[in-house]
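For reference, the chains in residue letters:
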Amino acid sequence: MLEILHSGLYTSVQDLGRFHYRNYGVPVSGVMDEFHAKLANIILGNHENAAVLEMTLQGASVKFHANTQIVVCGANLSPKLNGAPLRANLAVNVSIGDQLVFGARKFGVRTYLAVKNGFQTEMVLKSRSFYDGITQKSRVSKGDFIPYTSFLDKDTSHTKVGFQPILFNSKEISVFKGPEFDFLSKEQQEKLFNTTFSVGLNNRMAYQLEETIENECPSIITSAVLPGTIQLTPSGKLIVLMKDCQTTGGYPRILQLDQQSIIKLAQKHTRDLIQFKKLSIS
Amino acid sequence: MIHINCDVGEGVGNEELLMPYINACNIACGGHAGDDETMGEVVLLAKKYQVEIGAHPSYPDRENFGRISIHMASAEFIKTIQNQIGNLEEIVAFHAAKIVHIKPHGALYNDVAKSEERAQLFLKAISKYKDKYKLYVPYNSVIETLALEQNFEVIYEAFADRNYNDDLTLVSRKKDDAVLTEIGAIIPHVSLLKNEQKVLTISKQKITLKSDTFCVHSDTLNAIKIVQQLYTYFNSEKQHSKPTFPTIKAYGNTGILLTWEAKMTSEVLKNVLECKEKLLNFNIEVLLDIIQSNNSLLIIYDNNKIDFKTLQHLLERLFSLKSDKIQTPTQFCWEVPVCYDATFGIDLEEIAQKNKLSIAEIITLHTAPKYQIFSIGFLPGFLYLGGLDKRLHIDRKPTPRLEVKKGAVGIGGMQTGIYPKSSPGGWQILGNSPLNFFEVSNEKPCFAKAGDFIKFVSVSIEEYHQISEAISNGNYILKSAEIC
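Residues numbered from 1 in each chain as written. Chains lettered and ligands numbered in written order. Predicted model: local features only at pLDDT ≥ 70, side-chain atom pairs only at ≥ 80, totals over all residues.

Caption draft 1: Representation of the overall build of chain A within the structure. When you go through chain A residue by residue, the secondary structure sums to four helices and 20 strands. Every one of the 282 residues in chain A was classed for burial, and the buried ones make up 49%. Put simply, 75% of the contacts in chain A that link residues at least 6 apart link residues at least 24 apart. (Helix = DSSP H or I, 4+ residues; strand = E, 2+ residues; numbered from the N terminus. Buried ≥ 20, exposed ≤ 12 C-beta atoms within 10 Å, placed from the backbone. Contact = placed C-beta atoms within 7 Å.)

Have a look at this one:
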């Protein structure tokens with residue numbers, strides 16, 4: 001078991017998501033930054049869909065009640081294992097009683113803690129991803145115990161994985177035209193690609209962008225939306241949907257992020273800047 | 001629109017790729033190629049893609065693939081032709097399919113086009129099928145004249161991928177320019193045949209040639225590309241004008257969005273659900289998920305295995321298939337008990353005032369219709385219902401409530417619905433249902449599905465509590481009726 005001593009700002013268990021229930025209105029959920037969550041699992045030799053702990057801006061403090069191997073990947077939230085700085089992207093052994101504490105944020109937003117064989121929280125509709133109303137909890141809180149299987153092997157993989165600055169530093173967000181892109185006038189379309197947008201309110205459901213596009217677009221009949229879909233609201237604000245987004249929506253879907261850009265955006269904080277770059281379907 | 005046929009079951013093995021783009025296939029039935037196994041496989045594929053089946057008999061000469069003329073005793077010839085067709089008939093009957101036509105193969109095709117003796121003999125061999133199957137013939141040929149005299153139903157066939165001589169015979173395969181493999185040459189060739197009923201011969205003469213169907217040889221280099229492009233060029237355009245045909249758009253690089261008319265009507269929903277069923281029926285491996293909404297389907301595909309253009313063509317072909325064989329799941333009408341008591345119906349007074357109705361009238365109007373479920377979204381288990389009486393349309397609350405209770409039945413604008421769990425919300429609340437609309441422990445987490453209907457039934461507060469208790473004890477039986 002992993003004991004939560006301190007929950008951090010928003011910490012939840014996530015795997016790659018809950019598919020095939022969208023026709024019942026169930027969001028996909030899953031890790032916001034698939035690259036670093038998968039990386040953590042790969043370093044430990046786990047299945048890439050193994051459940052990890054996703055932490056946001058302020059990490060949690062945790063205590064291990066069974067031996068295992070762990071790795072931390074993603075944003076740098078200054079992790080310390082028993083008081084000593086812990087390198088990212090490197091598998092280390094932990095023993096019963098060891099404590100992992102996160103501190104000051106140096107870069108990025110979301111960091112992932114993976115354990116050997118993944119966290120074993122309840123599987124609901126074929127996924128362990130936390131989501132309010134589907135799983136018992138939507139986030140972990142102080143005093144929670146998160147199950148994992150004990151693992152003892154002094155050999156770690158020693159895999160050293162470099163850090164990918166482009167996923168944290170680059171402003172560039174690549175987008176395809178969305179289904180309602182053609183509703184926009186030439187001026188609106190140009191403005192989308194000539195404006196540097198700043199990140200506003202954001203959470204696992206969506207990222208709002210501050211700058212507005214003048215908008216006279218009509219609403220559409222409620223239709224499917226995806227993580228990475230950018231909706232244009234009647235007020236002219238852009239909303240980038242993320243992993244916990246609803247399955248359907250009625251605002252025009254003007255752009256669609258590619259997979260890597262969802263990862264980049266998941267590591268952006270309020271007031272960070274982004275710039276759209278147009279992609280076309282080959 | 002053009003009609004495309006291909007010779008198949010000849011051991012090339014590309015039938016699954018060809019079928020989505022062609023209208024008819026000529027199945028080798030043992031003469032020059034093919035055996036029971038290949039015939040069976042091809043018949044199943046033809047059935048799956050609703051491609052017309054034809055028998056493709058030949059001189060019995062597997063060694064030369066039926067491409068040289070053979071002299072045979074009349075009785076022997078008739079016997080082999082009838083055996084070949086008979087074999088295919090048996091297999092076709094076994095798979096509950098049907099043969100539409102007969103097309104002779106290779107040297108036999110050429111011989112019956114030129115030689116009266118051979119043509120007479122062949123027609124004698126197939127005379128017993130005269131009233132059952134049509135016969136593919138080249139225009140202005142000996143067999144055409146004789147077949148018409150003997151009241152065979154003929155289909156004029158031209159070759160999309162072959163050059164013609166001035167006498168309308170095909171340029172011999174021994175010559176370099178016999179076969180057209182470049183789509184740049186095939187499209188003008190087919191266009192001329194289709195639009196002017198003329199062919200540009202090898203000596204650049206324009207000569208009349210009638211054609212009802214175009215043959216593409218499945219062993220031609222690029223055969224798949226050729227049928228795909230012929231299909232795209234000639235046959236996709238017409239289907240777009242069909243009213244039930246959805247528009248297809250890319251949605252990112254893993255999604256294809258199909259959108260029907262921008263209406264929330266039963267007819268549109270029927271098209272959407274039938275199309276979804278068709279897609280599920282074909283069990284296409286590259287499709288990962290299909291998300292259904294009121295007038296759209298979003299298909300998520302594996303972009304490591306297929307690209308947008310190819311999938312788009314495949315879908316267009318699927319949609320053009322007749323759907324009368326596709327069974328959509330049985331639709332049910334579910335009885336949903338609702339307690340309209342003032343303890344739950346916290347906005348009844350407001351609705352009564354604004355819409356100038358008594359509370360009893362509101363309940364009567366609200367429980368009268370069968371509401372159709374158009375889709376499930378917004379919250380897990382939230383049903384989008386169509387069919388609310390106009391007299392009950394009312395604006396959402398100017399400020400949403402921070403918490404609307406689980407089971408609350410409300411009206412927002414022109415819609416009515418049930419909150420499957422407690423959540424913030426701005427709808428006007430007129431009652432509460434004790435049913436669970438979303439249970440995570442069930443394989444089907446919601447009892448209802450898109451296409452089904454909901455009928456609200458007014459219950460007293462006592463009945464409401466009894467039902468609640470029965471539900472928590474697992475004793476409640478949901479009432480439903482099949483919709484025919």
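There's more to say after this.
Caption draft 2: View of the overall build of chain B. A count of helices and strands for chain B gives 13 helices and 23 strands. Counting only residues that meet the buried cut, chain B has 43% of its 484 residues in that class. In chain B, the proportion of contacts linking residues at least 24 apart, taken out of those at least 6 apart, comes to 67%.

Caption draft 3: Here's a closer look at the pairing of strand S16 (residues 383-386) of chain B. Residues and elements named next belong to chain B. Note that strand S15 (residues 371-376) and S16 share four bridges and pair antiparallel. The residue of S16 that forms the bridge with Ile 376 is Leu 383. In this antiparallel pair of consecutive strands, S15 and S16, the connection spans six residues, and Phe 378 shows a positive phi of 70°. (Pairing = 2+ DSSP bridges.)

Caption draft 4: Region of interest: the sheet that holds strand S3 (residues 52-56) of chain B. Residues and elements named next belong to chain B. Pairing is parallel in the closed barrel, where seven strands are placed in the order S1-S2-S3-S4-S5-S6-S9. Averaged over all neighbouring strand pairs, the angle between strand axes comes to 35°, with direction disregarded. Relative to strand S9 (residues 213-216), strand S1 (residues 4-8) runs parallel, the two sharing three bridges. The residue of S9 that forms the bridge with Cys 6 is Val 216. Of the strands in this sheet, S1, strand S2 (24-28) and S3 touch helix H2 (residues 36-48), which is tilted by about 170° from S2. (Axes fitted to C-alpha atoms, helices over the stretch in contact; angles between N-to-C directions.)

Caption draft 5: View of the nonpolar core. Within the largest apolar cluster, 142 residues are counted, with the highest numbers of intra-cluster contacts made by Ala 40, Val 52, Tyr 112, Ala 114 and Val 240 of chain A together with Ile 256 and Ile 454 of chain B. The dominant element in this core, judged by the number of residues it contributes, is helix H1 (residues 34-44) of chain A, at six residues. In this view, Ile 454 of chain B contacts Trp 334, Val 336, Tyr 371, Ile 373, Leu 383, Leu 385 and Ala 448 of chain B; residues no more than four positions away in its chain are not counted. Formed by 67 residues, the second largest nonpolar core is a distinct cluster that contains Ala 55, Leu 88, Ala 113 and Tyr 139 of chain B. (Core = buried A, V, L, I, M, F, W, Y, C linked by C-beta atoms within 7 Å.)

Caption draft 6: Layout of the environment of Ile 300 of chain B. Residue and element names in this part refer to chain B. Within the secondary structure layout, Ile 300 lies in strand S13 (residues 296-301). In this structure, the C-alpha to C-alpha distance between Ile 300 and Leu 287, residues 13 residues apart in sequence, is 6.0 Å. If sequence neighbours within four positions are ignored, Ile 300 has contacts with Thr 254, Gly 255, Leu 288 and Asp 289.

Caption draft 7: View of the interface of chain B and chain A. Each partner contributes residues to the interface: chain B has 32 residues there, and chain A has 27 residues. If one sorts the elements of the side of chain B that touches chain A by residue count, strand S12 (residues 287-293) of chain B sits on top with four residues. Its residues assigned to classes, the side of chain B that touches chain A shows 17 nonpolar, 11 polar and four charged. (Nonpolar A, V, L, I, M, F, W, Y, C, P; charged D, E, K, R; others polar.)

Caption draft 8: Local environment of the sheet that holds strand S12 (residues 172-177) of chain A. All names here are of chain A. In spatial order, the strands read S12-S19-S16-S17-S14-S13-S20; together these seven strands close into a barrel with mixed pairing. For this sheet the average axis-to-axis angle between neighbouring strands, irrespective of direction, equals 40°. Across three bridges, S12 lies against strand S19 (residues 253-257) in antiparallel orientation. Looking at S19, one finds that Val 175 is bridged to Leu 257.

Caption draft 9: Local environment of the environment of Trp 260 of chain B. All names here are of chain B. The residue Trp 260 is located in the loop between strand S11 (255-259) and helix H9 (266-282) in this model. A residue is classified by how many C-beta atoms lie within 10 Å of it, and Trp 260, with 23 of them, is buried. C-alpha of Trp 260 to C-alpha of Ser 296: the two residues are 36 residues apart in sequence and 6.1 Å apart in space. Discounting chain neighbours no more than four positions away, the residues touching Trp 260 are Pro 246, Val 268, Asn 271, Val 272, Asn 295 and Ser 296.

Caption draft 10: Region of interest: unusual backbone geometry. The backbone of Arg 271 of chain A sits at a positive phi, close to 80°, despite the residue not being glycine. Structurally, Arg 271 of chain A is set in the loop between helix H4 (259-266) and strand S20 (273-278). One non-glycine residue, Lys 204 of chain B, lies in the positive phi region at around 65°. Relative to the helices and strands, Lys 204 of chain B resides in the loop between strand S7 (198-200) and strand S8 (206-208).

Caption draft 11: Region of interest: the packing of H2 of chain B against helix H3 (residues 74-94) of chain B. Residues and elements named next belong to chain B. Remark: H2 packs on H3, axes separated minimally by 10 Å, with the N-to-C direction vectors making an angle of 50°. The orientation of H2 relative to H3 falls into the category oblique. Both H2 and H3 take part in a crossing whose hand is right-handed. Between H2 and H3, the residues in contact are Asp 36, Met 39, Gly 40 and Val 43 and Asn 87, Leu 88, Ile 91 and Val 92, respectively. The residue inventory of the contact of H2 with H3, partitioned by class, reads five nonpolar, two polar and one charged. (Parallel < 35°, antiparallel > 145°, perpendicular 65-115°, else oblique. Left-handed = near helix turned anticlockwise from the far one by under 90°.)

Caption draft 12: Examining helix H7 (residues 183-196) of chain B more closely. Residue and element names in this part refer to chain B. With 14 residues, H7 extends 19 Å between its outermost C-alpha atoms, agreeing within 8% with the 20 Å of an ideal straight helix rising 1.5 Å per residue. Within H7, burial applies to Ile 186, His 189, Val 190 and Leu 193. Each buried residue of H7 lies within a common arc of 90° when the element is viewed along its axis, so the set occupies one face. Along H7, exposed side chains directed more than 90 degrees from the buried face belong to Gly 184, Pro 188, Asn 195 and Glu 196. At the exit of H7 stands Gln 197, carrying a positive phi of roughly 55°. (Expected span 1.5 Å × (residues − 1). Arc of directions from axis to C-beta.)

Caption draft 13: Local environment of the pairing of strand S1 (residues 2-6) of chain A. Residue and element names in this part refer to chain A. The pairing of S1 with strand S11 (residues 145-146) spans two bridges and is classified as antiparallel. The partner of Leu 2 across the bridge, within S11, is Ile 146. Pairing geometry for S1 and strand S4 (residues 61-64), over four bridges, is antiparallel. Across the sheet, the residue bridging to Glu 3 is Lys 63, located in S4.

Caption draft 14: Looking closely at H1 of chain A. All names here are of chain A. Burial within H1 is extensive, with nine of its 11 residues counted as buried. All of the buried residues in H1 are Phe 35, His 36, Ala 37, Lys 38, Leu 39, Ala 40, Asn 41, Ile 43 and Leu 44. Where H1 is buried, its residues contact strand S3 (52-56), strand S5 (68-76), strand S10 (107-115), helix H2 (166-169) and H4.

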